[in-house]
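Structural description and commentary
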Amino acid sequence: MRFTYAEAMTDPSYHLPLARAAEAAGYASVSVADSLVYPEESEAGYPYTADGDRAFLEDKSFVETFVLIAAMGAVTSTIRFTPFVLKLPVRPPVLVAKQAGSIAFLTGGRLSLGVGLSPWPEDFAAMGVPWARRGRRMDEAIEVVRGLTGGGYFEYHGEFYDLPPVKMSPVPAEPIPILVGGHSEGALRRAARLGDGWMHGGGDAAELDALLARLAALRAEYGTADRPFEIHAISADAYTADGVRRLADKGVTDLVVGFRNPYVKGPDTEPLSRKIEHLERFAESVIAKSVP
């Protein structure tokens, strides 16, 4: 089992020292949240809060995802970085491939690219991208990013993207794992068909079990059940060694853990020293007992 440290919507000056502390404590990766803009008015709801309220996001700091990963990568040497998740279809996939490939190269392959659909129509509008057929656009974007970061000439002819044979340099020595986030049927199918893994957005144990069962069925349907596949989960079971073993038995490979509720309005007032205490205490009580 591997462990990912999650801390978002906090003082931006905390990210680099927290990455160093997580690396020293034995975490395998750091998750990096992605947010582009906050609209003054919106009819869209947030899919991972009980009432769909998104007001907690207002005035929260989000350093651009790839910029933050590059900065954290420069002050660490072993820990990985996982966007959770990058809103891929609102971005030009050629640019994403260049950014992701450059970061993976410079960090020695320490990037796992978590991607998903933005739930906000305003993100699409702000980026000049149609909301319609966003799922198919996402599928094509994954294929373009994977192709361009693989090395050599790559061409693509799809509904949304059309590339003559082109190549990028530098590219990482190993393929960048592409992890698909989301709980919808479309997201699960996308993960099973195109992804190197799936990212769970949280919920109770029964819901996670149902999602894992559906994901396993879809991987069998698409003939991808035998290839390497990561499952990143958020679960209350992650906070005890016994719970970690139960999740491992279900096929979970990575656990995402955090130590405060980020879904609250207003600034994060917890000091950096307290955050480091939390992550170190968890490493001593759980990670040390769960990782060989």
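Calculation notes
Residues numbered from 1 in each chain as written. Predicted model: local features only at pLDDT ≥ 70, side-chain atom pairs only at ≥ 80, totals over all residues. Heavy atoms only, no water. Salt bridge = Lys/Arg side-chain N within 4 Å of Asp/Glu carboxyl O. Helix = DSSP H or I, 4+ residues; strand = E, 2+ residues; numbered from the N terminus. Buried < 20%, exposed > 50% of the residue type's maximum accessible area, 1.4 Å probe, protein only. Expected span 1.5 Å × (residues − 1). Arc of directions from axis to C-beta. Contact = heavy atoms within 4.5 Å. Polar contact = N/O pair within 3.5 Å; in protein donor to acceptor, adjacent residues only side chain to side chain.

For the structure on display, the rule yields 23 salt bridges. The partner of R136 in a salt bridge is E140, with the nearest N and O atoms 3.6 Å apart. In this pair, R136 and E140 both sit in helix α5 (residues 134-148), 4 residues apart, roughly one turn of the helix. What makes R136 partly exposed here is its relative accessible area of 32%. For the salt bridge of R274 with E277, the shortest nitrogen-to-oxygen distance reads 3.8 Å.

Let's shift gears to helix α7 (residues 205-222). Taking 1.5 Å as the rise per residue, α7 with 18 residues should run 26 Å; its terminal C-alpha atoms sit 26 Å apart, in good agreement. Along α7, the residues classified as buried are L208, L211, L212, L215, L218 and R219. Burial along α7 is one-sided: seen end-on, the buried residues are contained in an arc of 130°. Among the exposed residues of α7, those oriented more than 90 degrees off its buried face are A206 and A220. Considering only its buried residues, α7 is in contact with α6 (185-194), β9 (197-199), β10 (230-233) and α8 (241-249). For α7, the N-terminal cap is D204; the gap from its side-chain oxygen to the backbone nitrogen of A206 is 3.3 Å.

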